[in-house]
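# Structure assessment
One-letter residues, chain by chain:
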Amino acid sequence: MKTILASLILCSSIPAIAQQSQAVTTTTLSPKALYERGLIAMNQGDVIAAERDLRAVLQAEPQHPHAKFALNQLLLNRDKIAARYRENMMKQTKIAKVEYSDATVSECLDSLNELVEQATAQKFTPNFIIKDPGGKLKSRNVTLNLANIPASQVLQYIASFAQCKVTYEEHAIVVEAK
């Protein structure tokens, strides 16, 4: 008998800088503060906020070498940086309890997707994609009993027990059979 029981913590951490960037407009900050906030946003994977802040620096100081370089790197590596946001959100979202007993990988990921959505008040969805052309995952079941753990760690345990590789992308998390 397959049993899937999971509960969640309703409060997840939303990056403080994201809240600050909405509260403080770019016109009230110095170029230095905008540059620093742009780098923080870039490190968190928030490409929209990072680009906005770095462009605002260059509007105020067109020859700012560090802002030019950071914006260039952002534009060249946009997909990788955006994937970082998805990974960070999974790390920040805490799950109170997860119990999977002989559950399929698909059932585990469906459950985890729902738990993350609930924990973030529908503001973030992991969007799992399963790549299993050979059908290997159909015979790999997962049994877990975890409490007070980041969603990223739940995903890592699922992947470890099911022998999968996890790749974070801009719009989805790809789980691929090894």
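Everything here concerns the structure above.
Notes on the structure in this doc start here. A quick note: this is a predicted structure, and the numbers were derived from the prediction, not measured.

What follows concerns the sheet that holds strand β6 (residues 173–177). Read across the open sheet, the three strands follow the order β3-β6-β5; overall the sheet is mixed. The open sheet has two edge strands, β3 (128–131) and β5 (164–168), and neither has a second partner. The sheet shows a mean angle of 20° between the axes of neighbouring strands, taken without regard to direction. Sheet topology note: the β3/β6 ladder contains four bridges and is parallel. Residue pairing across strands places Ile129 opposite Val174, the latter belonging to β6. Sheet strands in contact with helix α5 (residues 78–92) are β3, β5 and β6, and its direction is about 115° off that of β5. Running at roughly 170° to β3, helix α6 (residues 105–119) makes contact with β3 and β6 of the sheet.

Before going further, it helps to examine α6. If you check α6, its first and last C-alpha atoms are 21 Å apart, about what 15 residues at 1.5 Å a residue would give, namely 21 Å. Among all positions in α6, only Val105, Cys108, Leu109, Ser111, Leu112, Asn113, Leu115, Val116, Glu117 and Ala119 are buried. Directly after α6, the chain includes Ala121, whose backbone phi takes a positive value near 55°.

Between two packed helices, what matters for the description is the angle formed by their axes and the separation of those axes. With their axes 11 Å apart at the nearest point, helix α2 (residues 31–44) and helix α4 (residues 65–76) run at an angle of 20° to one another. The angle between α2 and α4 places the two elements in the roughly parallel class. At the point where α2 passes α4, the crossing takes the left-handed sense. Packed against α2, whose contacting residues are Tyr35, Leu39 and Met42, the element α4 presents His66, Ala67, Ala70, Gln73 and Leu74 at the interface.

In total, this model carries two aromatic pairs according to the counting rule given. Centroid distance Tyr157 to Phe161: 6.5 Å. Interplanar angle 20°. Geometry classified as stacked. Taken as a pair, Tyr157 and Phe161 lie in helix α7 (residues 151–162) at a separation of four residues, close to a single helical turn. Among the residues examined, Tyr157 registers a relative accessible area of 35% and is labelled partly exposed. A residue is classified by how much of its surface remains accessible, and Phe161, at 48% relative accessible area, is partly exposed.

Next up on the list: α7. In this model α7 runs 17 Å from its N-terminal to its C-terminal C-alpha over 12 residues, within 8% of the 16 Å that 1.5 Å per residue would give. Turning to α7, its buried residues number three or more, namely Ala151, Ser152, Val154, Leu155, Ile158, Ala159 and Ala162. One side of α7 carries all its buried residues, which in axial view fall inside an arc of 160°.

The rules we used
- Residues numbered from 1 in each chain as written.
- Predicted model: local features only at pLDDT ≥ 70, side-chain atom pairs only at ≥ 80, totals over all residues.
- Heavy atoms only, no water.
- Pairing = 2+ DSSP bridges.
- Helix = DSSP H or I, 4+ residues; strand = E, 2+ residues; numbered from the N terminus.
- Axes fitted to C-alpha atoms, helices over the stretch in contact; angles between N-to-C directions.
- Contact = heavy atoms within 4.5 Å.
- Expected span 1.5 Å × (residues − 1).
- Buried < 20%, exposed > 50% of the residue type's maximum accessible area, 1.4 Å probe, protein only.
- Parallel < 35°, antiparallel > 145°, perpendicular 65-115°, else oblique.
- Left-handed = near helix turned anticlockwise from the far one by under 90°.
- Phe/Tyr/Trp six-rings, centres within 6.5 Å; stacked < 30°, edge-to-face > 60°.
- Arc of directions from axis to C-beta.

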